[in-house]
Amino acid sequence: MKTRITELFGIQHPIIQGGMHYVGFAELAAAVSNAGGLGIITGLTQKTPTLLAEEIAKCRALTDKPFGVNLTFLPTVSSPDYPGYIRAIIDGGVKVVETAGNNPQKWLPMLHEASVKVIHKCTSVRHSVKAQAIGCDAVSVDGFECGGHPGEDDIPNFILLPRAADELKIPFAASGGMADGRSLVAALALGAEGMNMGTRFIATKEAPVHQNVKDAIVAASELDTRLVMRPLRNTERVLRNAAVDRLLEKEKALGAKLKFEDIIDEVAGVYPKIMLEGAMDAGAWSCGMVAGLIHDIPTVQELIDRIMAEAEALIGQRLARFAAA
Ligand SMILES: Cc1cc2nc3c(=O)[nH]c(=O)nc-3n(C[C@H](O)[C@H](O)[C@H](O)COP(=O)(O)O)c2cc1C
């Protein structure tokens, strides 16, 4: 399947694995790229630019296909060494960067000069249009369904994607709630040229996270996510657990007076405990509503092959039948 997204990134299938904190290590990124998609290493999970350079080298040893690095610009207390991370990306020969969280304009000249393509993840049409205006090569349009930070507008993909299609000239990937061939065909129908998946890729054999995390996703339904940190305007969609219930009670009790310090136990530094140690109630961790569509833990190759076979059958048979009628 050729789309402007496959052409832009030099990949076989229009499927991207979004950056995920403590999930997007070299093993997963390489598995996705080897299966014909675009794997992405999560930059900030590596604590220093040197560690990111090592992770890039590790990924390069596992695949000769293109892969990317995610750079998330989130409100953090002490700003990470972004110039150092960008240097590691450029020196490591990585040709795709997924930016997210904040406007990447400041970093675009450096990246473009090194022939790095930039796909910016946006949760609204206005941010997508802005990303296009400042020179991003593509965007990922992340709907309200998504795991992680859906923004504050709460527009689901059935509205957000066609709205983005109406406004954008650059290609975009549909993100949030994507799981299978049906998702891909729907995304294409709504104007996207590929899809970006987070949660679905965690429940794969190669995802280097604790088995408890994969089992929790398989066990969860579409009813099991919650939105946290809305009062801080830093909304995150997470899987419900004991820590999330506690956090939501604090949000209710404190109302507009809530401060980040009030919920620090539930959100700060919890990812290694959950993803690496499998301590499932250690805190709030991102998970999409798409958990309701995830029932197994295939290899990445099996997953991507299945998506592409299903998408081709849907287009060639089911949709073709309607067109002929
Ligand atoms: C566990 C987890 C961690 C994530 N961490 C990040 C991150 O560090 N940076 C980022 O830009 N997006 C992050 N995301 C968002 C994903 O890249 C992707 O946009 C999102 O998962 C898509 O929605 P889906 O889960 O419904 O597929 C994370 C998502 C999950 C599930």
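Residues numbered from 1 in each chain as written. Predicted model: local features only at pLDDT ≥ 70, side-chain atom pairs only at ≥ 80, totals over all residues. Heavy atoms only, no water.

1. Description of the overall build of the chain
Item 1. The helix and strand tally for the chain stands at 14 helices and 10 strands.
Item 2. Computed over C-alpha atoms, the radius of gyration of the chain comes to 19 Å, within 12% of the 20 Å expected from 2.2 N^0.38 for 325 residues, which places it in the range of a compact globule.
Item 3. Its C-alpha atoms give the chain principal-axis dimensions of about 55 × 45 × 35 Å.
Item 4. Counting all 325 residues of the chain, 53% fall into the buried class.
Item 5. At a minimum sequence separation of 6, the contacts of the chain that also span at least 24 residues come to 62%. (Helix = DSSP H or I, 4+ residues; strand = E, 2+ residues; numbered from the N terminus. Rg over C-alpha atoms; globule rule 2.2 N^0.38 Å. Buried < 20%, exposed > 50% of the residue type's maximum accessible area, 1.4 Å probe, protein only. Contact = heavy atoms within 4.5 Å.)

2. What to know about the site of the ligand
Item 1. The local shell around the ligand holds 23 residues, among which Gly19, Lys121, Gly177, Gly198 and Thr199 are the closest.
Item 2. A distance of 2.9 Å is found between a nitrogen atom of the ligand and a side-chain nitrogen or oxygen belonging to threonine 72.
Item 3. At a separation of 2.7 Å, an oxygen atom of the ligand approaches a polar side-chain atom of lysine 121.
Item 4. For the shell around the ligand, the secondary structure elements donating two or more residues are strand E3 (67-72), strand E8 (195-197) and helix H9 (199-202).
Item 5. Across the shell around the ligand, the residue classes tally to seven nonpolar, 14 polar and two charged. (Near = heavy atom within 4 Å. Polar contact = N/O pair within 3.5 Å; in protein donor to acceptor, adjacent residues only side chain to side chain. Nonpolar A, V, L, I, M, F, W, Y, C, P; charged D, E, K, R; others polar.)

3. Some thoughts on the pairing of strand E6 (residues 138-142)
Item 1. Burial within E6 is extensive, with five of its five residues counted as buried.
Item 2. Taking every second residue as pointing to the same face, both faces of E6 are buried, with Ala138, Ser140 and Asp142 on one and Val139 and Val141 on the other.
Item 3. Bridge count between strand E5 (residues 117-122) and E6: four bridges; the pairing is parallel. Across the sheet, the residue bridging to isoleucine 119 is alanine 138, located in E6.
Item 4. Note that the unit made of E5, helix H6 (residues 125-134) and E6 has a crossover that is right-handed.
Item 5. The pairing of E6 with strand E7 (residues 172-175) spans four bridges and is classified as parallel. Opposite valine 141, over in E7, you have alanine 174 as the bridge partner.
Item 6. Each parallel crossover has a hand, and the one from E6 via helix H7 (residues 157-167) to E7 is right-handed. (Pairing = 2+ DSSP bridges. Right-handed = clockwise from strand over helix to strand, strands pointing away.)

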